[in-house]
Amino acid sequence: MKYGYFDDAAREYIITNPKTPVKWINYIGTLSFGGFVDHTGGALICKGDPSLNRITKYIQQMPASEFKGETLYIRIKKGNSYKVFSPFFVPTLDDYDKYECHVGMGYSRIVSEYYGIRTECTVFVPLDGEVEIRDIRITNISDTPQEIDLIPVVEYTHFDAVKQLTNADWVPQTMQSRCFSNADNQRVLIQYAFMNRDRQINYFTSDTAASSFETDRAKFLGDNEYGTWANPLSLQNDELSNYQAHRGDNVAVLLHHLGVLKPWEQKRVITQLGQDENMLKAKDTIERYRKKDEVDKAFKDLKEFWHKYLSQYQAHTPDAAFNSMFNVHNPRQCFITYNWSRYLSYYQLGLGTRGLGFRDSSQDIMGVVDHMPEKAKELIVKLLSVQNKNGSAMHQFNPMSMEATNGDAHEMPDRPQYYGDDHLWIVLAVTAYVKETGDMDFLEQSVQYYDGAENEATSVKEHLYRSLQFTKSNIGEHGLPLLGFADWNDCVNLPTGAESIFNACLYGRALLEMVELEEHLGIKEKADQYKKDYELIEKRLNETAWDGEWYVRYFDHDGTPLGSKENSHGQIYLNAQSWPVYAQYAPKDRARTALDSARSKLNTSNGIKLSTPGFNGYDPSKGGITTYPPGAKENGGIFLHTNPWVMIAEAIVGNGEHAYEYYNQINPAAKNDVIDEYECEPYVYPQNILGDEHPQFGLARNSWLSGTSSWTYQAASKYILGLKPRYNGLEINPCIPSKWDEISIERLFRNATYKITIHNPKGVCKGVKKVVVDGKEIDSQIVPIFEDNKTHEVSVTMG
């Protein structure tokens with residue numbers, strides 16, 4: 001069954017059936033203020049830390065039919081009673097004549113038609129305002145007048161999300177609500193936890209007179225809460241109770257009498273949900289967004305922001321699904337992961353102290369650096385400030401307090417207390433930023449260390465040196481980098497002394513980046529040293545980790561390989577085949593053999609599995625990977641984050657057919673016709689899909705906040721389309737399916753616009769025969785830097 005379609009011109013996905021297999025969401029705002037809105041109008045809104053400053057109560061584990069956080073009711077006067085329904089479908093589940101949820105760039109718009117009433121509600125957070133706006137337009141589309149009331153509803157949570165779920169005594173005793181009204185009967189309902197009342201309030205208001213209000217959930221639902229969200233008994237009364245809650249489950253409900261609407265008459269109501277220190281502080285925001293022209297301007301500004309963001313890199317290929325993802329939804333998802341990392345997800349509930357991951361956010365930076373380099377730079381500095389003096393990095397940190405932890409390592413004190421890969425990712429992030437911008441001065445910017453004294457700050461470049469030195473100093477029996485508590489695959493936690501082929505390859509990639517940087521800077525001694533370090537690991541890896549047809553993944557503390565034909569479970573791991581190619585360790589013949597082994601043993605119609613065969617039973621010596629059944633997550637599941645690394649590897653060896661095939665296999669836009677199997681949103685990448693060892697093969701989960709978004713964008717932009725920023729220009733080296741005969745690209749780079757046409761008259765996958773820039777052929781695949789704010793025409797002929 002189809003549940004919607006792509007509207008690329010509007011940059012929207014339009015859901016036409018609200019009964020999606022799981023809730024489909026959209027993010028609004030940023031980590032400073034925002035959250036997600038689901039396709040039936042529910043919302044989880046926070047200000048800052050999603051664990052410690054939540055505003056709305058959104059409990060994901062409740063059935064999809066249940067109210068979550070926010071909704072809207074409409075009631076129609078029918079004689080002496082009222083017909084009550086929600087234009088968002090949930091929670092009243094009325095039969096609709098039309099339903100659309102437009103999933104847009106930073107907004108969601110729900111359009112519905114029930115009982116002769118058309119509702120259009122646009123939900124967004126202004127770029128410069130920390131408030132959720134719901135712009136509601138009600139139209140009587142029947143042929144008779146109708147008396148209509150509008151009732152928006154918010155349910156609050158305690159600001160401490162965990163306590164809301166664990167303390168049913170203290171929490172409700174502290175929750176309070178009050179009402180303030182002006183002469184026009186515009187009401188502001190404020191809510192607070194008693195302990196926080198002097199430093200923050202939540203507020204809910206509208207631009208329209210409200211005749212009455214409710215702040216207590218029990219009174220709103222009625223009959224001691226045996227009324228339900230599907231049928232709130234209080235809405236059969238002419239007015240709400242005007243009760244100001246002194247405890248209990250607090251809500252904010254405003255009753256607006258819109259009056260009798262004639263056929264095709266429309267009324268507009270704008271609501272605001274926000275948080276501030278007190279009513280006085282909130283006053284300016286409230287008054288500003290009660291003005292309809294200010295709301296219109298804020299929405300226009302939001303649209304213009306996204307137009308500018310997306311227009312940095314646009315491509316048109318013969319594949320419509322590729323174009324939808326690459327031009328709109330994939331870069332949008334990269335922006336969301338940059339903002340929230342893995343902090344506030346529909347699946348990972350944002351509880352505890354996870355915050356931003358050092359590894360996660362370093363990779364997220366690479367997905368946005370071409371769209372917003374200054375913001376990427378800001379996050380790089382934050383990440384470097386949680387690096388330790390010895391070059392290792394803290395695994396995760398709270399971006400508000402900058403308090404950092406070593407993640408799950410502390411739960412296994414017998415394992416190493418550092419992750420062997422975290423600190424290396426920042427090398428890739430920094431060099432990506434400098435290549436994109438040419439900002440060499442950034443390398444000398446001074447940044448503090450997490451465990452250093454106040455004056456123990458060094459240059460960015462020194463931070464990178466220490467990252468590489470930490471890995472160089474921590475090697476195992478085979479001379480390869482130690483695993484630490486874990487590498488990228490968090491779920492394999494081997495005893496102290498285990499070695500990681502992934503860490504060896506990431507180290508090699510980081511060394512290549514530093515060689516290129518030092519050579520560009522003319523620092524030959526440093527470049528030569530890094531070349532020697534690289535060649536040493538290259539030799540050791542090829543001497544010890546080649547298993548005959550593929551590379552092994554780990555060596556246990558006693559030297560036993562994991563990811564070898566000797567193993568009964570986990571015989572081959574995907575990352576051990578793609579990363580030796582990406583790190584350029586694998587000789588040409590081994591690169592092809594390793595990738596072919598991955599294809600024959602790991603590839604499926606829904607993507608490439610992380611490993612096979614899956615472990616079937618818990619084995620504490622291997623760690624968390626064995627807690628999953630075969631075919632799920634890291635245990636033989638299709639962990640999508642790893643798939644673009646294979647696309648990159650195939651592009652490096654020149655196989656555009658395989659790179660494109662692998663891109664298509666996980667492209668969510670291509671899943672639009674098989675959603676009942678796939679279930680997740682078709683407009684964003686999930687984290688994982690169940691593999692073919694699992695009875696629910698093809699089922700996706702954990703959408704939006706995944707490193708898949710950054711790496712698939714990089715695979716498409718730098719390796720398939722082939723535009724790679726270099727220190728001295730923009731390299732063009734596409735690797736495409738042979739059937740693509742022409743591609744047009746517009747790319748902003750170093751303050752100039754490059755309009756590029758790639759011609760493929762011979763039907764090849766890779767190889768550039770001629771490059772013409774502004775009418776003149778150049779003897780290079782690297783187009784020079786212009787920095788002149790002009791547009792330059794580039795014609796590339798493959799062959």
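The notes below deal with the structure included here. (Residues numbered from 1 in each chain as written. Predicted model: local features only at pLDDT ≥ 70, side-chain atom pairs only at ≥ 80, totals over all residues. Heavy atoms only, no water.)

1. Examining the pattern of salt bridges
Argument step 1. For the structure on display, the rule yields 55 salt bridges.
Argument step 2. For the salt bridge of Lys2 with Asp673, the shortest nitrogen-to-oxygen distance reads 3.4 Å. Residue Lys2 is located in the segment before strand S1 (4-7), and its partner Asp673 is located in the loop between helix H16 (656-666) and helix H17 (675-678); the two are separated by 671 residues in the primary sequence. The pair formed by Lys2 and Asp673 is uniform in burial state, with each residue classed as exposed.
Argument step 3. Lys472 serves as the salt-bridge partner of Asp533, at 3.1 Å between the closest nitrogen and oxygen. Highlighted residues: Asp533 in helix H12 (residues 524-544) and Lys472 in helix H10 (residues 460-473), separated in sequence by 61 residues.
Argument step 4. With a relative accessible area of 9%, Asp533 lands in the buried category.
Argument step 5. On the basis of relative accessible area, Lys472 is assigned to the partly exposed category, the value being 35%.
Argument step 6. By sharing partners, the salt bridges in this structure join Lys435, Arg509, Glu513, Glu516, Arg726 and Glu731 into a single network. (Salt bridge = Lys/Arg side-chain N within 4 Å of Asp/Glu carboxyl O. Helix = DSSP H or I, 4+ residues; strand = E, 2+ residues; numbered from the N terminus. Buried < 20%, exposed > 50% of the residue type's maximum accessible area, 1.4 Å probe, protein only.)

2. Details of the packing of aromatic side chains
Two aromatic rings are characterised by how far apart their centres lie and by the angle between their planes.
Argument step 1. Tallied over the entire structure, the rule returns 60 aromatic pairs.
Argument step 2. Judged by centre distance (3.9 Å) and plane angle (20°), the ring pair of Phe67 and Trp229 falls under stacked. Taken together, the residues span a long stretch of sequence, with Phe67 in the loop between strand S5 (43-46) and strand S6 (70-78) and Trp229 in the loop between helix H3 (217-221) and strand S17 (250-261) at a distance of 162 residues.
Argument step 3. Taking relative accessible area as the criterion, Phe67 reaches 8% and is therefore assigned buried.
Argument step 4. An angle of 65° between the planes, with centres 5.8 Å apart, marks the rings of Phe305 and Phe335 as edge-to-face. (Phe/Tyr/Trp six-rings, centres within 6.5 Å; stacked < 30°, edge-to-face > 60°.)

3. Here's the deal with helix H14 (residues 588-602)
Argument step 1. Across its 15 residues, H14 extends 21 Å between first and last C-alpha, which sits within 8% of the 21 Å expected from 1.5 Å per residue.
Argument step 2. Residues Ala591, Ala594, Leu595, Ser597, Ala598 and Leu602 constitute the buried set of H14. Along the long axis of H14, the arc covered by the buried residues comes to 155°, so they all point the same way. Turned more than 90 degrees from where H14 packs its buried face, Lys588, Asp589 and Ser600 sit exposed. (Expected span 1.5 Å × (residues − 1). Arc of directions from axis to C-beta.)

4. Description of the sheet that holds strand S19 (residues 313-316)
Argument step 1. The strand order S19-S37-S38-S42-S39-S40 describes an open sheet built from six strands, whose pairing is mixed. Lying at the two open borders of the sheet, with one neighbouring strand each, are S19 and strand S40 (776-778). Across this sheet, the average inter-strand angle for adjacent strands is 20°, counted without regard to direction.
Argument step 2. One ladder, built from four bridges, connects S19 with strand S37 (residues 742-749); its direction is antiparallel. Counterpart to Tyr313 in the pairing with S37 is Arg747. (Pairing = 2+ DSSP bridges. Axes fitted to C-alpha atoms, helices over the stretch in contact; angles between N-to-C directions.)

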